[in-house]
Amino acid sequence: MSEYRKAHPDELYFVTMSVVGWLDVFTRNEYKDIVIDNLRYCQQKEGLEVFAYVIMTNHLHLIVRRRDKELTELLGRFKSFTAKKIIAAIENNVQESRREWLLYLFRHFAKVNKQYVGNHFWQYSSHPTLLDTPKIMEQKEEYIHMNPVRAGVVNEPQAYVYCSACADSPLKVMEM
């Protein structure tokens, strides 16, 4: 693994995970809840510390750290597990009007990138960016929290449930 992609233990990182083709998968809460459930598992069992997050329609941003272990390896497993769960949820969702179209595109992206077999859900890189100063940490946290506002989804970050700015967020985060 290149040094560029490594995320060292105990360091704070800004991470972005995007759906292939920027497909708007996370328009349904049940798919966002799969991400939340797995983040919660990683917090409880894998030493992941989440300080800020937002789940948008086709990507998510996190400020995270992993205690005593390398973060990139965990992100890879997280992406693999959530991809399988979300694709299965789409396949089994009779209410999903975009089911055939989404599944076709996930298969298409897998054919384009021979690394993937069957389906390709997440874009390859998570682009972990080291947050090494308080100013950069604050900037990234504000960027995360303002994402749904800039997208026109809500008027203030506290109103978007799938964001750490919201008191009713389903994922509890640590203080910065």
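Scroll up a little and you will see the structure.
Each residue is numbered by its place in its chain's sequence as written, counting from 1. Local features in a predicted model are, by the rule used here, given only for residues with pLDDT of at least 70; side-chain atom pairs are given and counted only at 80 or more, and totals for whole chains, interfaces and linings are based on all residues. Heavy atoms from the whole structure form the basis of all side-chain values; hydrogens and water molecules are not counted.

Participant: Mind showing me how you'd approach the nonpolar core here?
Facilitator: Among soluble globular proteins, nonpolar side chains are generally buried collectively. Core analysis: the biggest nonpolar cluster contains 52 residues, and Val25, Phe26, Ile86, Phe106 and Phe121 have the highest contact counts within it. Per element, the largest residue contribution to this core is 9 residues, and it comes from helix α2 (residues 71–92). Throughout, a contact is declared for two residues whenever any of their heavy atoms are within 4.5 Å. Among residues more than four places away in sequence, those in contact with Phe106 are Val19, Val20, Leu23, Val25, Ile87, Ile90, Gly118, Asn119, His120 and Phe121. Among the buried residues, those of types Ala, Val, Leu, Ile, Met, Phe, Trp, Tyr and Cys that are joined through side-chain atoms within 4.5 Å form a nonpolar core. In this scheme, a residue with accessible area under 20% of its type's maximum is buried, one over 50% is exposed, and one in between is partly exposed, where area comes from a 1.4 Å probe on protein chains only. Strands here are runs of E lasting at least two residues and helices are runs of H or I lasting at least four, both read from the DSSP assignment and numbered beginning at the N terminus.

Participant: Is there a simple way to think about empty space enclosed by the protein in this case?
Facilitator: If you roll a probe as big as a water molecule over the atoms, it shows you where there is empty space left. Here a cavity denotes grid points, spaced 1 Å and computed from the protein atoms alone, that fit a 1.4 Å probe unable to get out, and a pocket denotes an open set having protein on both sides within 12 Å along at least 5 of 7 lines; residues with an atom within 4 Å of a point are the lining. Grid points are joined across faces, edges and corners, and a volume is the space filled by probe spheres set on the points. Going through the model one piece at a time under the given rule, you end up with 1 cavity of 30 Å³ or more. Considering the residues around the largest cavity, the lining is formed by Met17, Leu39, Cys42, Leu48, Leu62, Leu74, Leu75 and Phe78. Of all the secondary-structure elements, those providing two or more residues to the lining of the largest cavity are α1 (29–45) and α2. Top contributing element to the lining of the largest cavity by residue count: α2, with 3 residues. Residue classes follow a fixed rule: Ala, Val, Leu, Ile, Met, Phe, Trp, Tyr, Cys and Pro count as nonpolar, while Asp, Glu, Lys and Arg count as charged, and any other residue, Gly among them, counts as polar. Partitioning the lining of the largest cavity into residue classes produces 8 nonpolar, no polar and no charged.

Participant: Would you mind showing me how to read the packing of aromatic side chains here?
Facilitator: Where two aromatic rings form a pair, the distance of their centres and the angle of their planes describe that pair. Only centres within 6.5 Å qualify two rings of Phe, Tyr or Trp (six-membered ring in Trp) as a pair; their planes then separate them into stacked at under 30 degrees, edge-to-face at over 60, and tilted for everything else. Tallying each qualifying case throughout the model produces 5 aromatic pairs. Plain terms: the ring middles of Phe26 and Phe121 are 6.2 Å apart, the flat faces sit at 75° to each other, and that makes the pair edge-to-face. Of this pair, Phe26 sits in the loop between β1 (13–18) and α1 while Phe121 sits in the loop between α3 (99–112) and β4 (129–130), and the two are 95 residues apart along the sequence. Each member of the pair, Phe26 together with Phe121, is buried. Both rings, one in Phe121 and one in Trp122, keep their centres 5.0 Å apart while their planes meet at 85°; by these two values the pair is edge-to-face. Its relative accessible area of 2% is what places Phe121 among the buried residues. Among the aromatic residues, those joined into a cluster by ring pairs are Phe26, Phe106, Phe121 and Trp122. A ring has a charge above it when a Lys NZ or an Arg CZ is no more than 6 Å from the ring centre and no more than 35 degrees off the ring normal. When the ring centre of Phe14 is taken as reference, the NZ or CZ atom of Lys140 above it lies at 4.6 Å.

Participant: Is there a simple way to think about the packing of α2 against α3 in this case?
Facilitator: Angles run from 0 to 180 degrees between N-to-C directions of axes, and those axes are lines fitted to C-alpha atoms, restricted for helices to the stretch in contact. It is the contact of α2 with α3, at a shortest axis distance of 9 Å, that shows an interaxial angle of 145°. Taken as a pair, α2 and α3 cross one another with a handedness that is left-handed. Judged by residue contacts, Ile87, Ile90, Glu91 and Asn92 of α2 engage Arg99, Leu102, Leu103 and Phe106 from α3. A breakdown of the residues in the contact of α2 with α3 according to their chemical character gives 5 nonpolar, 1 polar and 2 charged. Here is the rule for handedness: rotate from the far helix to the near one, and if that takes an anticlockwise turn smaller than a right angle the crossing is left-handed, while a clockwise turn gives right-handed.

Participant: Quick question: what am I supposed to make of the side chain of Asn93 here?
Facilitator: On the secondary structure map, Asn93 appears in the loop between α2 and α3. Residues in contact with Asn93, not counting those within four places in the same chain, are Arg28, Glu30, Tyr31 and Arg99.

Participant: How should the sheet that holds β1 be read in this particular structure?
Facilitator: One key point about sheets: their strands pair by backbone hydrogen bonds, in either a parallel or an antiparallel sense. Two strands are said to pair when DSSP picks up at least two bridges between them. Strand order in the open sheet formed by 4 strands is β2-β3-β1-β4, with antiparallel pairing between adjacent strands. Edge positions in the sheet fall to β2 (48–55) and β4, since each of these pairs with one other strand and no more. One ladder, built from 6 bridges, connects β1 with strand β3 (residues 59–66); its direction is antiparallel. From the neighbouring strand, Val15 faces β3, where its bridge partner is Leu62.

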